[in-house]
Amino acid sequence: MRRPNFVLFITDQQRADHLGCYGNPTVKTPYLDGLAARGVRFTRFHVATPICQPNRAALVTGQMPSVNGVRQNGIPLGLDSLTFAEVLRESGYRTGYIGKAHFQNVTDIPAPPRVFAGQGEPPPAGVALARRAQRAGPD
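Please read these numbers as outputs of a predicted model, since none were measured by experiment. (Residues numbered from 1 in each chain as written. Predicted model: local features only at pLDDT ≥ 70, side-chain atom pairs only at ≥ 80, totals over all residues. Heavy atoms only, no water.)

A. Here's a closer look at unusual backbone geometry. Despite not being glycine, His-102 has its phi angle at roughly 55 degrees, a positive value. Positionally, His-102 belongs in the segment after α4 (84-90). (Helix = DSSP H or I, 4+ residues; strand = E, 2+ residues; numbered from the N terminus.)

B. Seen up close, the nonpolar core. Of all hydrophobic cores here, the largest spans five residues; its members are Ala-57, Val-60, Val-70, Leu-77 and Phe-103. Beyond its immediate stretch of four places on either side in the chain, Ala-57 contacts Asn-68, Val-70, Leu-77 and Phe-103. (Core = buried A, V, L, I, M, F, W, Y, C linked by side-chain atoms within 4.5 Å. Buried < 20%, exposed > 50% of the residue type's maximum accessible area, 1.4 Å probe, protein only. Contact = heavy atoms within 4.5 Å.)

C. Main features of the packing of aromatic side chains. Per the counting criterion, the structure on display carries two aromatic pairs. Their ring planes at 70 degrees and their centres at 5.6 Å tell us that Tyr-97 and Phe-103 sit as a pair that is edge-to-face. Here Tyr-97 falls in the partly exposed class, since its relative accessible area comes to 41%. When its relative accessible area of 18% is taken as the criterion, Phe-103 is described as buried. When the ring centre of Tyr-93 is taken as reference, the NZ or CZ atom of Arg-3 above it lies at 4.2 Å. (Phe/Tyr/Trp six-rings, centres within 6.5 Å; stacked < 30°, edge-to-face > 60°. Lys NZ or Arg CZ within 6 Å of the ring centre and 35° of its normal.)

D. Region of the structure containing a nonpolar patch on the surface. Judged by side-chain polarity, Val-7, Phe-9, Leu-32 and Leu-35 come together as a nonpolar surface patch covering roughly 390 Å² of accessible area. Secondary-structure assignment places Leu-32 in helix α1 (residues 30-38). Accessibility expressed as a relative area gives 33% for Leu-32, which makes it partly exposed. (Patch = residues over 30% accessible without salt bridge, like charges linked within 9 Å, V, L, I, M, F, W, Y side chains within 5 Å. Areas by Shrake-Rupley, 256 points an atom, 1.4 Å probe, with all protein chains shown as cover. Salt bridge = Lys/Arg side-chain N within 4 Å of Asp/Glu carboxyl O.)

E. Here's a closer look at helix α2 (residues 52-61). Summarising burial for α2: nine of the ten residues are buried, a large majority. In this fold, the buried residues of α2 make contact with α3 (65-68) and α4. Following α2 by one or two positions, Gly-62 adopts a phi angle in the positive range, close to 75 degrees.

F. Up close: the pattern of salt bridges. Per the counting criterion, the structure on display carries one salt bridge. For Asp-17, the salt bridge is made with Arg-15, and the minimal N-O distance between the two is 2.9 Å. The exposure class of Asp-17 is partly exposed, given its relative accessible area of 34%. In this structure Arg-15 comes out as exposed when scored by relative accessible area, which is 52%.

This is how it looks when you write it as structure tokens:
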């Protein structure tokens, strides 16, 4: 079975009606409109918070800001957080991120290298917690 490809666009402070494909008669977004015409376009979407960094962290971890710890801008997402990109990668997808991730604070201090336990293995079924440090047992 062929797995689908998908692209997730994450923008800040942008309502759906700021795109032509959602009915804006003034704003011209032909490339995004073309992608929307050939793909899936949602008509209802709710954010965890209107604040950039916490909402991005919620999207990639599947956890509310009160759980993943990124409750406001300036609180970085823990480097041991499990993201949907890692789950996809471990399931054979090629993943990438282009643009402003904003999961970490902007600084010229280099981030420590990420260490992944069990790299290359699929995540355990029914993973309930997104931080490896929160889990117990060999998985």
